[in-house]
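A look at the structure
The residues making up each chain are set out below.
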Amino acid sequence: MDMALIVGALFVLYIAAIYNRLQHLLHVVQERTANVEVGALGRNTLLEKLADGTGRTPEHHQLLIQLAGVEQDLLARRESCNADIRAYNAYRAQIPQILLSRIAGFRRIDFLIPDRTLSAGRPRTEDGTSATVTPMRR
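Keep in mind that what you see is a predicted model, and the values were worked out from it rather than measured. (Residues numbered from 1 in each chain as written. Predicted model: local features only at pLDDT ≥ 70, side-chain atom pairs only at ≥ 80, totals over all residues. Heavy atoms only, no water.)

**Here we look at the environment of Leu74**
The line we're drawing: Helix numbers and strand numbers start at the N terminus; a helix is a DSSP run of H or I with at least 4 residues, a strand a run of E with at least 2. Residue contacts follow a heavy-atom distance rule, with two residues in contact if any of their heavy atoms lie within 4.5 Å.
Looking at where Leu74 falls in the secondary structure, it is placed in helix α2 (residues 58–92). Once you skip the residues sitting within four places of it in the chain, Leu74 turns out to touch Val36, Gly39, Ala40 and Arg43.

**Section: the packing of aromatic side chains**
Put simply, the test is: Classification of ring pairs uses Phe, Tyr and Trp, with its six-membered ring standing for Trp, and accepts pairs whose centres are within 6.5 Å; under 30 degrees between planes counts as stacked, over 60 as edge-to-face, and the remaining range as tilted. Exposure categories follow from relative accessible area, calculated using a 1.4 Å probe and restricted to protein chains: below 20% of the type maximum is buried, above 50% is exposed, and the middle band is partly exposed. By definition here, charges over rings are those cases where NZ of Lys or CZ of Arg is within 6 Å of the ring centre and within 35 degrees of the ring normal.
One pass over the structure, following the stated rule, counts 1 aromatic pair. Between the aromatic rings of Tyr19 and Phe106, the centroid separation amounts to 5.7 Å while the plane-to-plane angle is 70°, which identifies the pairing as edge-to-face. Placement of Tyr19 in helix α1 (residues 2–52) and of Phe106 in the loop between α3 (97–104) and β1 (112–113) is noted, with a sequence separation of 87 residues between them. For Phe106, a relative accessible area of 0% corresponds to the buried category. When the ring centre of Tyr91 is taken as origin, the NZ or CZ atom of Arg21, which lies over that ring, is 5.7 Å away.

**Notes on the nonpolar core**
Within soluble globular proteins, side chains that are nonpolar tend to cluster in buried spots. In plain terms, the rule: Among buried residues, the Ala, Val, Leu, Ile, Met, Phe, Trp, Tyr and Cys ones that are joined through side-chain atoms within 4.5 Å form a nonpolar core.
Counting 18 residues, the largest nonpolar core has Leu22, Ile85, Tyr88, Phe106 and Ile109 as its most contacted members. Broken down by secondary-structure element, the contributors of at least two residues to this core are α1, α2 and α3. Once residues within four sequence positions are removed from consideration, Ile85 is found in contact with Val29, Ile109, Asp110, Phe111 and Leu112.

**Quick notes on the pattern of salt bridges**
Here is the rule: Criterion for a salt bridge: a side-chain nitrogen of Lys or Arg within 4 Å of a carboxyl oxygen of Asp or Glu.
Under the definition given, this model contains 4 salt bridges. Put simply, Arg77 and Asp73 hold a salt bridge, and the shortest N to O gap is 2.9 Å. One end of the pair is Arg77 and the other is Asp73, both in helix α2 and 4 residues apart, which spans about a single turn. Judged by its relative accessible area of 34%, Asp73 falls in the partly exposed class.

**Let's talk about the confidence of the model for the protein**
Under the convention used in this document: Per-residue confidence from the predictor is given as pLDDT, running between 0 and 100.
On average, residues of the protein score 83 in pLDDT, and 80% of them reach the 70 mark or higher. Put simply, strand β2 (residues 124–125) is where the protein has its lowest mean pLDDT, 52, and α1 is where it has its highest, 93. When the criterion is pLDDT under 50, residues 117–121 qualifies, and its contacts beyond four places in sequence or with other chains add up to 11 contacts. Segment residues 132–138: pLDDT under 50, and 22 contacts once partners within four positions in sequence are set aside and those in other chains are kept.

Below you can see the structure in the form of structure tokens.
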């Protein structure tokens, strides 16, 4: 009887550890996605300033330099976010995590790709939907 109780307690602790790890990875992905969205908004702000500009002025040249820096920062943010998405999806896909993730509502997250429209200011996933990560259902 004591051995069954110990095994049961260890099993519950193991399930709790898996759940906590999935929650942590999901939180990191949500944070990185928000960072990408902030970078995309900054890029769109610069693009709007460039569109309103008069052309070859010193301010225009300065905005182009800033835009190049923002694009590099956005690329780095997107790569970092995709690395975290890859880690989340890989952990979620392992056995027994995949069983718990399906029960608890942890879904696969698509990688971020550059937004080619530049109109929305939000990163897009591979299937074209918003990159905002929705939390798990309870």
